[in-house]
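# Inside the fold
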Amino acid sequence: MADYKELWTSLDIDLEKHDQLCAVLPEFYGEIYMQQENRPEAMNYYNFVVSEIHGYRVQELADMRKDGRKVVGTFCVYVPDEIIVAANAASVGLCAGSEFWHPDGEKVVPRNTCPLVKAAAGALVGNTCPYFKSCDMLVGETTCDAKKKLWETFAEYTPIHVMNLSSMKREQDYINWQGEIKLFKERMEELTGVEVTAEKLSESTKLLNDKRRALQRLYETRKVANPPISGKDALLVTQIAFYDDPARFTQMTNQLCDELEQRIENGEGVFDKKAPRILITGTPMAIPNWKLHHVIETSGGAVVAEETCTGVKYFQNLVDESAATLEDHYKILADRYLKTNCACFTPNTSRIDDIIRLYKDYAADGVVYYTLPFCTTYAAEFKAVKDALAKENIPVINIESDYGLEDAGQIKTRLEAFFEMISNK
Ligand code: BJ8
């Protein structure tokens, strides 16, 4: 990585502590990613993004801010990026996937909080994440209890706007979400001084749909008999989608897809042909949480899709591009964003339909149900998912695990037994 000390100093980063974080990531990434054989050439772009994880993009954001543009940090796929981009601002996903941030997080949130929230809290209060430091405003949402309380903590440190998401999907909840989108648009106008018009929203919708289309294209390549890309590479691409420049990301991901489609034509896959095909469902995996994919793929499995917010939930639904007025946009955005099936909703049976559909579409052999500790809603939904999958004769295993690597061996043993069981079915 180039020398970004001056940039980090200008962002008030705790350089000493931050150096410790920068010291461990390259080795960790090298072990997980660079040992893979026969990786697509086009993954070099994503290698570069990770090698510059706290540099290149942070510099771009700093340059944008120098030009008077704003940067907004988000934590959930219910928050419509279309509004942020239409206000000429940049959106960066801030969910944090490393236990490095937990000790600082535990200073402000309870120890028994989900790792994702604890890490986000630590990244902010420990002054070790330049993305948090680049944000002019954060956007929270009323999904789970842990997040709701996190926003109150964050408000002590930085400007934050919280969107009030209902936990049901009745007609009045759709109307409520339209109203919340309108309020968010007004808050973004206040922040940026830019009027968000229907035309600007149409442009941002198109830009973000193009990103979704590129990710859809990538995931299509994973449906073939021996996919040309590993699950952990596909996960990395999706994780980067949350904070990279959208137009560049789309271009680079389409280039990757060109190569992958060529590989399919040439019959080149990255897995052992007999590897059991795995669909992962559950809590999101924020960068650099690559543990489960790595353990699965070094235990003989092939991850072919993720029913998670760092998987298909992020891009499977496009936003209708036909809106002509602001009112149309609010309605269309509300309809699209409420199609996401998060365990924070009740009831949430559509998520089960999604899991079964994806299992069939990706010709999976088994489902790994992943939950972060203390994520009550996803843990609680396991039983309903398991019962529904049993009726369809779909094998499933439940893995609860945090960001630490201590339990990797134990998970591997359980997964190997699961793979053996599904291979003999
Ligand atoms: S739409 S999954 S991104 S809320 S893992 S913090 S739920 S205790 S991240 Fe999420 Fe939006 Fe839902 Fe997706 Fe809470 Fe669970 Fe932690 Fe979670």
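Let us look at the structure shown here. Keep in mind that what you see is a predicted model, and the values were worked out from it rather than measured. (Residues numbered from 1 in each chain as written. Predicted model: local features only at pLDDT ≥ 70, side-chain atom pairs only at ≥ 80, totals over all residues. Heavy atoms only, no water.)

## Let's talk about the side chain of serine 91
By the secondary structure assignment, serine 91 is in strand 2 (residues 90-93). A polar contact of 2.8 Å, which involves the side chain of serine 91, links it to the side chain of aspartate 81. If near-sequence neighbours (up to four positions away) are discounted, serine 91 is found in contact with Val72, Thr74, Asp81, Ile84, Phe242 and Tyr243. (Helix = DSSP H or I, 4+ residues; strand = E, 2+ residues; numbered from the N terminus. Polar contact = N/O pair within 3.5 Å; in protein donor to acceptor, adjacent residues only side chain to side chain. Contact = heavy atoms within 4.5 Å.)

## Concerning the pattern of salt bridges
Inspection of the entire model under this criterion finds 34 salt bridges. Of the charged contacts, one joins glutamate 189 and lysine 185 as a salt bridge, the two residues approaching to 3.2 Å between their closest N and O atoms. In this pair, glutamate 189 and lysine 185 are both assigned in helix 10 (residues 171-192), 4 residues apart and thus about one turn of the helix distant. Neither glutamate 189 nor lysine 185 differs from the other in exposure class; each is buried. (Salt bridge = Lys/Arg side-chain N within 4 Å of Asp/Glu carboxyl O. Buried < 20%, exposed > 50% of the residue type's maximum accessible area, 1.4 Å probe, protein only.)

## Some remarks on helix 12 (residues 231-241)
Burial within helix 12 is extensive, with 11 of its 11 residues counted as buried. Those residues of helix 12 that sit buried are Gly231, Lys232, Asp233, Ala234, Leu235, Leu236, Val237, Thr238, Gln239, Ile240 and Ala241.

## What about the packing of helix 11 (residues 198-220) against helix 13 (residues 246-265)?
At a minimum axis separation of 9 Å, helix 11 and helix 13 run at an interaxial angle of 25 degrees. Considering their axes alone, helix 11 and helix 13 lie roughly parallel with respect to each other. Between helix 11 and helix 13 the crossing geometry is left-handed. Seen from helix 11, the contacting residues are Leu207, Leu208, Asp210, Lys211, Ala214, Leu215, Arg217 and Leu218; seen from helix 13, they are Pro246, Ala247, Phe249, Thr250, Thr253, Asn254, Leu256, Cys257, Asp258, Leu260 and Glu261. Of the residues assigned to the contact of helix 11 with helix 13, the class counts are 11 nonpolar, 3 polar and 5 charged. (Axes fitted to C-alpha atoms, helices over the stretch in contact; angles between N-to-C directions. Parallel < 35°, antiparallel > 145°, perpendicular 65-115°, else oblique. Left-handed = near helix turned anticlockwise from the far one by under 90°. Nonpolar A, V, L, I, M, F, W, Y, C, P; charged D, E, K, R; others polar.)

Nothing here speaks to function; it is geometry throughout.
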